[in-house]
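Examining the three-dimensional arrangement
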Amino acid sequence: MKKLITILFIGLASLAINAQDKVAKIEFKTDTVDYGTIEKGSNGVRVFEFTNTGNAPLIISNVTSSCGCTIPKKPEGPILPGKTGEIEVKYDTNRVNPIRKTITVISNAETPTVALKIKGEVIDTKTANVLEKTNKSIVQQ
């Protein structure tokens, strides 16, 4: 009985080792997208590009944002080895403030969780112009 258990254990261990030979790897071109300074209401869509540098299909199971103002969109199907994919991120540019958000990507890759970041600042040019006018004297206006 001990020999049977030992053989079974060795067989399962070797199966586990062989199963680990094929693994997906996700490599992003950049892990941060800088919006810079953008106007209120402008296009808030940006893209994170990545490549599967592993030797197994990459499956992205979930992409979440640190806040409801950022909506990430994951690829639908698996990304084959050597192929590229995109994660689209849309920030609500109607919110006037600095942008500092994190997008979390969960996949079957060797590193299963990856944190991506977006940064920048949304300004309201109409408000900025009104403020500039109030700093002027009546004669200058």
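Here's what I pulled together on the structure shown here. Bear in mind the structure is a predicted one, so any value in this text is a computation, not a measurement. (Residues numbered from 1 in each chain as written. Predicted model: local features only at pLDDT ≥ 70, side-chain atom pairs only at ≥ 80, totals over all residues. Heavy atoms only, no water.)

Looking now at the pattern of salt bridges. Summed over all chains, the structure comprises two salt bridges. In this structure, R95 and D92 form a salt bridge, with 3.2 Å as the shortest nitrogen-oxygen distance. The class for D92 is partly exposed, based on a relative accessible area of 28%. (Salt bridge = Lys/Arg side-chain N within 4 Å of Asp/Glu carboxyl O. Buried < 20%, exposed > 50% of the residue type's maximum accessible area, 1.4 Å probe, protein only.)

Next up on the list: the sheet that holds strand β2 (residues 32–39). Taken in spatial order, the four strands line up as β2-β8-β7-β4 in an open sheet, and their pairing is mixed. Where the open sheet ends on each side, the last strands, each with one partner, are β2 and β4 (60–65). On average, adjacent strands in this sheet sit at an angle of 20° to one another, irrespective of strand direction. Summarising the sheet, strand β7 (residues 98–107) and strand β8 (residues 113–123) pair through nine bridges and their orientation is antiparallel. Counterpart to V105 in the pairing with β8 is V114. (Pairing = 2+ DSSP bridges. Helix = DSSP H or I, 4+ residues; strand = E, 2+ residues; numbered from the N terminus. Axes fitted to C-alpha atoms, helices over the stretch in contact; angles between N-to-C directions.)

Just distances and angles here, no functional claims.
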